[in-house]
Amino acid sequence: MPELPEVETIARGLAKRVTGDVIESVWLGRKKEPLKSPAPAIAAALEGSRIANVRRMGKHIVFDLESVGRTPSSANENVARALLPANGRKVKTPAGKSVRPTQNSAQWIVHLGMTGSLRVCEPQTEIAKHTHAILTLASGRELRFVDPRRFGRLSVSAEFDATGIEPLEIDLDDFVALFRGRKTPIKSALLNQNLLRGVGNIYADESLFRAGIRPRRRAASITRDQLASLQAALKEVLQEAIALGGSSVSDYVDAEGNAGFFQLQHRVYGREGEPCLVCKTSIKRVVIAGRSSHYCPKCQK
Ligand SMILES: [Zn+2]
């Protein structure tokens, strides 16, 4: 499953390749699972829109769209107007803030799930099995969404907002505040998407190891200094992984599945029974809230 650094890498790769391109037409497959918004709403929001930007939000890929007034028919435009606000996910309307979406802007939100991928290809490229969406671009290329296991999700929104705070942007005070009074294990709190967005199992384990904190420790019992180490470790592992992925970006987007994709050298994740890289103690695995957690019983307290 792609985690935050992979999604960041993929979003950057897509931004390089498709920003500025115009979506001329959209084909959507018949399988219902990948479509989190109704197919007509997705097609209406995408067709005739320019891709203004592609970015990551949590583990979602967000395509910011601008209407270029080339919507194929006014009927479609009406569908977009009628369906977008009602079906867009988590449209924020905080009191006192004018965030009413206009009909001229929308967002296409892609969650890759377990096996989803977005591929930029030439139209003559054979259509892979499990292709659920094909966007025909004005540049002559196509952007295809392929997902064998169908846990990925496509939706459109007027103003998408993922839950939680970006782990790469949060400051120390806010980070400390997230865990105050929380009786859950720190590992569960790190994975809680309402607190931090996009932190997955691997990076939670790796950052806890680097910070010397056992995954089962109660979040509330961890001192501010230790949380400062944890925050630094979390940013460090995510940024290292993003940096590693940078060079293989275009391969990933073009290639079949995961070809050419990097992996961070794990220090504890998936290393049960192997010697700790610091102290040689055997790495332990425990299950916390249904997820495997790996740690060194000597280095982590
Ligand atoms: Zn150790």
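Preceding this section is the structure that the text describes.
Residues numbered from 1 in each chain as written. Predicted model: local features only at pLDDT ≥ 70, side-chain atom pairs only at ≥ 80, totals over all residues. Heavy atoms only, no water.

Draft legend 1. Layout of the overall build of the protein. A count of helices and strands for the protein gives 8 helices and 10 strands. A total of 301 residues make up the protein; the buried ones form 49% of that total. Taking the contacts inside the protein whose residues are at least 6 apart along the sequence as the reference set, 69% of them involve residues at least 24 apart. As displayed, the protein has an accessible area near 14100 Å², and 48% of this comes from carbon and sulfur atoms. (Helix = DSSP H or I, 4+ residues; strand = E, 2+ residues; numbered from the N terminus. Buried < 20%, exposed > 50% of the residue type's maximum accessible area, 1.4 Å probe, protein only. Contact = heavy atoms within 4.5 Å. Areas by Shrake-Rupley, 256 points an atom, 1.4 Å probe, with all protein chains shown as cover.)

Draft legend 2. A look at the sheet that holds strand E4 (residues 105–111). Reading across the sheet, the 8 strands line up as E5-E7-E6-E1-E2-E3-E4-E8 and stay open at both edges, with antiparallel pairing between neighbours. Looking at which strands have only one partner, the edges of the open sheet turn out to be strand E5 (117–121) and strand E8 (153–157). Adjacent strand axes in the sheet meet at a mean angle of 30°, parallel and antiparallel pairs treated alike. The pairing of strand E1 (residues 22–28) with strand E2 (residues 49–57) spans 2 bridges and is antiparallel. Across the sheet, Ile23 pairs through a bridge with Ser49, a residue of E2. Sitting on the sheet, helix H1 (residues 4–18) touches E2, strand E3 (60–67), E5, strand E6 (131–137) and strand E7 (142–146), and the angle it makes with E2 is about 160°. (Pairing = 2+ DSSP bridges. Axes fitted to C-alpha atoms, helices over the stretch in contact; angles between N-to-C directions.)

Draft legend 3. Structural detail: the coordination of the zinc ion. Bound to the zinc ion are the protein donor atoms Cys276 (SG), Cys279 (SG), Cys296 (SG) and Cys299 (SG), situated 2.2 to 2.4 Å from the metal. Around the zinc ion sit 4 donor atoms; with metal-centred angles ranging over 101 to 114°, the donor geometry is tetrahedral. Read from N- to C-terminus, the donor residues coordinating the zinc ion fall into the pattern C-x2-C-x16-C-x2-C. (Donors = N, O, S within 2.8 Å, 3.2 Å for Na, K, Ca; no water. Tetrahedral: all angles 85-135°; square planar, octahedral: opposite > 155°, others 65-115°.)

Draft legend 4. The arrangement of the nonpolar core in detail. Counting 32 residues, the largest nonpolar core has Leu46, Ile61, Phe63, Trp108 and Leu118 as the members making the most contacts within it. Setting aside its immediate chain neighbours within four residues, Leu46 contacts Ile23, Val26, Leu65, Trp108, Leu135 and Val156. Ranked by size, the runner-up nonpolar core spans 29 residues in total, among them Ala189, Leu191, Tyr203 and Leu238. (Core = buried A, V, L, I, M, F, W, Y, C linked by side-chain atoms within 4.5 Å.)

Draft legend 5. Seen up close, unusual backbone geometry. Positive phi values are uncommon outside glycine, yet Lys280 reaches one of about 75°. The residue Ala289 is not glycine, and still its phi comes out positive at about 50°. Within the secondary structure, Ala289 sits in the loop between strand E9 (284–288) and strand E10 (291–295). Residue Ala289 is classed as exposed on the basis of its relative accessible area of 67%.

Draft legend 6. Structural detail: the pairing of E9. Relative to E10, E9 runs antiparallel, the two being bridged by 5 bridges. Among the inter-strand pairings, Val286 is bridged to a residue of E10, identified as Ser293. Connecting E9 to the next strand, E10, in antiparallel fashion are 2 residues, including Ala289 with a positive phi near 50°.

Draft legend 7. Representation of the packing of aromatic side chains in the model. Tallied over the full model, the rule gives 2 aromatic pairs. Ring centres 4.7 Å apart and planes at 40° place the aromatic pair Phe63 and Trp108 in the tilted group. Of this pair, Phe63 sits in strand E3 while Trp108 is found in strand E4, placing the two residues 45 residues apart along the sequence. As far as burial versus exposure is concerned, Phe63 and Trp108 are alike and both buried. Measuring from ring centre to ring centre gives 5.1 Å for Phe175 and Phe179, while their planes differ by 70°; the resulting arrangement is edge-to-face. With a gap of 4 residues between them, Phe175 and Phe179 both fall in helix H4 (residues 172–179), about one helical turn apart. Given the relative accessible area of 1%, Phe175 is considered buried. (Phe/Tyr/Trp six-rings, centres within 6.5 Å; stacked < 30°, edge-to-face > 60°.)

Draft legend 8. Quick peek at helix H2 (residues 39–46). Burial analysis of H2 places 6 of its 8 residues in the buried class, the great majority of the element. Among all positions in H2, only Ala41, Ile42, Ala43, Ala44, Ala45 and Leu46 are buried. Where H2 ends, the next residue or the one after it, Gly48, has phi of about 80°, a positive value.

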